[in-house]
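The residues making up each chain are set out below.
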Amino acid sequence: MTQGKGVNRREVLVAIPTLAAAQAFRGLPRQEPTPVAVASSNGLKAVEEAVRRMEAGVLPVEAAVAGVSLVEEDPEDVTVGYGGLPNEDGVVQLDAAVMDGVTMRAGAVAALEGIKHPSQVALTVMRRTTRVLLVGAGAKKFALAHGFKEENLLTERARKIWLYWKENAATNDDWLPDPKAVEDPDIRWFIEKHGDSYFRPTGTIHLSAVDAQGRVGCCTTTSGLFFKLSGRVGDSPLVGCGLYCDSEVGSAGATGHGESNIIVVGAHTVVEFMRQGKTPEEACLATLERVVRATREPYLKDPQGRPKNNLILYAVNVHGEVGAASIWSGTKYAVARKGRPAELRECAYLFVRPKRSP
Ligand code: ASP
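Residues numbered from 1 in each chain as written. Predicted model: local features only at pLDDT ≥ 70, side-chain atom pairs only at ≥ 80, totals over all residues. Heavy atoms only, no water.

1. Structural notes on the sheet that holds strand 3 (residues 105–112)
And step 1. Across the sheet, which stays open at both edges, the eight strands sit in the order 4-3-2-6-5-1-11-12 with mixed pairing between neighbours. Unpaired on one side and paired on the other, strand 4 (133–135) and strand 12 (340–346) mark the two borders of the sheet. Between one strand and the next, the sheet's axes are offset by a mean angle of 10 degrees, whatever the strand orientation.
And step 2. Across the sheet, helix 4 (residues 60–72) is in contact with strand 2 (94–100), strand 5 (205–210) and strand 6 (216–222); its angle to strand 6 comes to roughly 25 degrees.
And step 3. Sitting on the sheet, helix 6 (residues 136–145) is in contact with strand 3 and strand 4, with an inclination near 105 degrees to strand 4. (Pairing = 2+ DSSP bridges. Helix = DSSP H or I, 4+ residues; strand = E, 2+ residues; numbered from the N terminus. Axes fitted to C-alpha atoms, helices over the stretch in contact; angles between N-to-C directions. Contact = heavy atoms within 4.5 Å.)

Now the structure itself:
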């Protein structure tokens, strides 16, 4: 069935999977209290907000967008929305997607410039078009048509960090590094947080949510790989890769090295593993094992043949069980559920990360 303009609303409602259908999955009674939300480690306040919204009756996909919007507008998070680190040209290009596991509808935007809340634009694409993905100038035109305000998303901190990267990226170009740059508090903050030797860290927020009726929804939003090629789009806004959900099973999403995730269609793979009976954590680990097997190019591997980059997968099933896993140890994820405070938990992992040399 398409979601075209001619679709009769009653037909859509009849086609929506019922709670009974969702609970028939694996034949298990729900084991954990719901609503529940799971997110990347930068999503503590986002999962709290999402659970609060779902308790008030808001649909999971909308609750997910409300949660991640808090991070999009926070300039302290340089991986998402306003204050996100720019591309190689110093331009902030944002990617986001949403999915509603009840209707199996999705919306997404990529390489969107000048709009602080790409997640809300993605939700509007889902709600107000018959399409899934809008990119670049077209995505911006659509956002402006729907009343989103254009603003400068490049904060002074992000500009200084970008310039530091630009001036130090090569020794044979025309840019000369400022020898005093490391004394700047913003540059020092970045180096302490992300290191100086590998100057291409990543960051994003994914949030998956299940409400008390077993409905699921999710959202992923990002400024993408730091200093990415202009126009480069990662996994985050690609349905099936950066996020996927189905109210018959659960929801999943990813942060980390987008190209590794695109190759295994990670979020969809996690949901399909859960459909086959794996727990959320088992499903995330099994998907990461596929990433390891698919990492074949030498430039992507360490001397032991393991992926150099990290990928983190997050999942929740309709029974309220949550889990997350990363290729390398030392990552956390955020969880909030009805009646319990939000907390950070350790992700399961495939390999122990070697200690950084001092
Ligand atoms: N997955 C995002 C991308 O590849 C970045 C990240 O999650 O850190 O653009």
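2. Structural notes on the side chain of Ser223
And step 1. Note that Ser223 resides in the loop between strand 6 and strand 7 (243–246).
And step 2. Taking relative accessible area as the criterion, Ser223 reaches 0% and is therefore assigned buried. (Buried < 20%, exposed > 50% of the residue type's maximum accessible area, 1.4 Å probe, protein only.)

3. Concerning the packing of helix 10 (residues 266–275) against helix 11 (residues 280–294)
And step 1. At a closest axis distance of 8 Å, the pairing of helix 10 and helix 11 adopts a crossing angle of 130 degrees. Relative to helix 11, helix 10 is oriented oblique. As helix 10 packs across helix 11, the resulting crossing turns out to be right-handed. Taking contact as the criterion, the partners of Gly266, Thr269, Val270, Phe273 and Met274 in helix 10 are, on helix 11, Pro280, Ala283, Cys284, Ala286, Thr287 and Arg290. (Parallel < 35°, antiparallel > 145°, perpendicular 65-115°, else oblique. Left-handed = near helix turned anticlockwise from the far one by under 90°.)

4. Some words on a nonpolar patch on the surface
And step 1. A cluster of nonpolar residues, Val132, Leu133, Val135 and Val239, forms a patch on the protein surface that exposes about 290 Å² of accessible area.
And step 2. Tracing the backbone through its elements, the reader meets Val135 in strand 4. (Patch = residues over 30% accessible without salt bridge, like charges linked within 9 Å, V, L, I, M, F, W, Y side chains within 5 Å. Areas by Shrake-Rupley, 256 points an atom, 1.4 Å probe, with all protein chains shown as cover. Salt bridge = Lys/Arg side-chain N within 4 Å of Asp/Glu carboxyl O.)

5. Some thoughts on the pattern of salt bridges
And step 1. What the rule picks out here adds up to 20 salt bridges.
And step 2. The closest approach of N and O atoms between Lys116 and Glu151, which form a salt bridge, is 3.8 Å. Of this pair, Lys116 sits in the loop between strand 3 and helix 5 (118–128) while Glu151 is found in the loop between helix 6 and helix 7 (156–168), placing the two residues 35 residues apart along the sequence.
And step 3. Owing to a relative accessible area of 32%, Glu151 belongs among the partly exposed residues under this scheme.
And step 4. Taking the shortest distance from any N to any O, the salt bridge between Arg306 and Asp302 comes out at 3.0 Å.
And step 5. Looking at Arg306, the relative accessible area reads 18%, which means it is buried.

6. Some thoughts on the site of the ligand
And step 1. Near the ligand the following residues occur: Thr202, Gly203, Thr204, Gly224, Leu225, Arg232, Gly234, Asp235, Ser236, Thr255, Gly256 and Gly258.
And step 2. Contact distances for the ligand include 2.6 Å between an oxygen atom and a side-chain N or O atom of Arg232.
And step 3. For the ligand, a nitrogen atom lies 2.6 Å from a polar atom in the backbone of Gly256.
And step 4. Protein contact buries 99% of the 260 Å² of open area that the ligand shows by itself. (Near = heavy atom within 4 Å. Polar contact = N/O pair within 3.5 Å; in protein donor to acceptor, adjacent residues only side chain to side chain.)

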